[in-house]
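# Commentary on secondary and tertiary structure
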Amino acid sequence: QAEEMRQAEEMRQAEEMRQAEEMRQAEEAARLAEEERLKEDEARRQAEERRQAELEARRRAEEKRLAEEAARRQAEEQRLAEDAARRQAEERRQAEEQRQAEAQRQAEEVAQQAREEELAAALAMEESEPATESTPSDIQYYAAAIDGRIRQFWLRPAGSRRDLSCTVEVQLMPSGDVVPNSVRVVKGSGDPGYDRSVIAAVYKASPLPVPSGRLFERFRDAHLVFRAENR
């Protein structure tokens, strides 16, 4: 009986050891399975993160492409607008030049017609009246009158010397009006500002006091000496 009891105890202990080993192996298998599941979950998480990063990169690349395309389109629109503005400015400039050229041509035609009429009148007067010789005093009188008229409108440039003098050529109509764009400096003073002030005064003083008849021909293309020291 004792031997039977010993054998039964050994068998019970062996069964417990077997069950314990099976439980250990089952727990180890469960641990390994959990580790494998965790690894798979981490791999899936990392794959999802890579996918999201790729999507974000593609989104940013698309936004950059669209921004660059919008910038190119805006730059092209600006270039076209600037080209149109330059073209319109050039057209306005050409139109203004044509207008000024036409105005000058018409003024020259008027001046030419006036000169022809004056010349015809002078010729008629020569035929109907005895010739008279103009005296130097007559010429000096009108020259002084013209100089005085111009000085009424002359403004001395700031800082200009008082010993300056310039000679300008001016074309006059029988009415005394200055022919547009006819005044030019033939002998400058050396001070461009002074010369410009004299030209401006001549235009502002128009019409100038001029004689009539044949004596006017002495003033039609006049050379006027303007001295600052006379002011």
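Description of the structure in this document. (Residues numbered from 1 in each chain as written. Predicted model: local features only at pLDDT ≥ 70, side-chain atom pairs only at ≥ 80, totals over all residues. Heavy atoms only, no water.)

This paragraph deals with the pattern of salt bridges. For the structure on display, the rule yields 31 salt bridges. Notably, a salt bridge pairs Glu34 with Arg37, separated by 2.3 Å at the nearest N-O pair. Of this pair, Glu34 and Arg37 both sit in helix H1 (residues 2–128), 3 residues apart, which is roughly one turn of that helix. Assessed through its relative accessible area of 34%, Glu34 is described here as partly exposed. Taking the relative accessible area as the measure of exposure, Arg37 reaches 37% and is therefore partly exposed. The residue Arg220 makes a salt bridge to Glu217 at a minimum N-O spacing of 2.8 Å. With a gap of 3 residues between them, Arg220 and Glu217 both fall in helix H4 (residues 217–220), about one helical turn apart. (Salt bridge = Lys/Arg side-chain N within 4 Å of Asp/Glu carboxyl O. Helix = DSSP H or I, 4+ residues; strand = E, 2+ residues; numbered from the N terminus. Buried < 20%, exposed > 50% of the residue type's maximum accessible area, 1.4 Å probe, protein only.)

This part covers the packing of aromatic side chains. Taken as a whole, this structure holds 4 aromatic pairs when the rule is applied. An angle of 80° between the planes, with centres 5.1 Å apart, marks the rings of Tyr141 and Tyr142 as edge-to-face. By relative accessible area, Tyr141 is classed as exposed at 55%. For the ring pair Tyr142 and Phe219, a centre distance of 6.2 Å and an interplane angle of 70° mean the geometry is edge-to-face. Taken together, the residues Tyr142 in helix H2 (residues 136–151) and Phe219 in helix H4 connect sequence positions 77 residues apart. Phe219 gets classed as buried once you look at its relative accessible area, which sits at 5%. In textbook terms, an aromatic cluster arises when at least three aromatic residues are bridged by ring pairs, as seen for Tyr141, Tyr142 and Phe219. (Phe/Tyr/Trp six-rings, centres within 6.5 Å; stacked < 30°, edge-to-face > 60°.)

Once that is clear, we can look at the layout of surface pockets. Its volume calculated, the second largest pocket comes out at about 180 Å³. Together, Ile139, Ala143, Ile146, Asp147, Ile150, Arg218, Phe219, Ala222, His223, Leu224, Val225 and Phe226 line the second largest pocket. Contributing elements (two or more residues each) for the lining of the second largest pocket: H2, H4 and strand E3 (221–227). Looking at the lining of the second largest pocket, its residues break down into 9 nonpolar, 1 polar and 2 charged. (1 Å grid on protein atoms, 1.4 Å probe; cavity = no way out; pocket = protein on both sides within 12 Å on 5 of 7 lines; lining within 4 Å. Points joined across faces, edges and corners; volume = space filled by probe spheres on them. Nonpolar A, V, L, I, M, F, W, Y, C, P; charged D, E, K, R; others polar.)

Time to look at the sheet that holds strand E2 (residues 184–187). Overall, antiparallel pairing links the 3 strands, which are arranged E2-E1-E3 in an open sheet. Each edge of the sheet is formed by a strand with only one pairing partner; in this case those strands are E2 and E3. On average, adjacent strands in this sheet sit at an angle of 35° to one another, irrespective of strand direction. Alignment of strand E1 (residues 165–171) against E2, held across 3 bridges, turns out to be antiparallel. Residue Glu169 lies in a different strand from E2, and its bridge partner there is Arg184. Along the sheet face, helix H3 (residues 192–205) touches E1, E2 and E3 and points at about 35° away from the line of E1. (Pairing = 2+ DSSP bridges. Axes fitted to C-alpha atoms, helices over the stretch in contact; angles between N-to-C directions. Contact = heavy atoms within 4.5 Å.)

When you line up the elements, Ser189 lands in the loop between E2 and H3. Classification of Ser189 as buried rests on a relative accessible area of 16%. Polar contacts involving the side chain of Ser189 include one to the main-chain amide nitrogen of Asp191, which spans 3.2 Å. Among the polar contacts made by the side chain of Ser189, one reaches the side chain of Asp195 at a distance of 2.7 Å. If we skip the residues at most four places from it in the chain, Ser189 touches Leu164, Ser165, Cys166, Tyr194 and Asp195. (Polar contact = N/O pair within 3.5 Å; in protein donor to acceptor, adjacent residues only side chain to side chain.)

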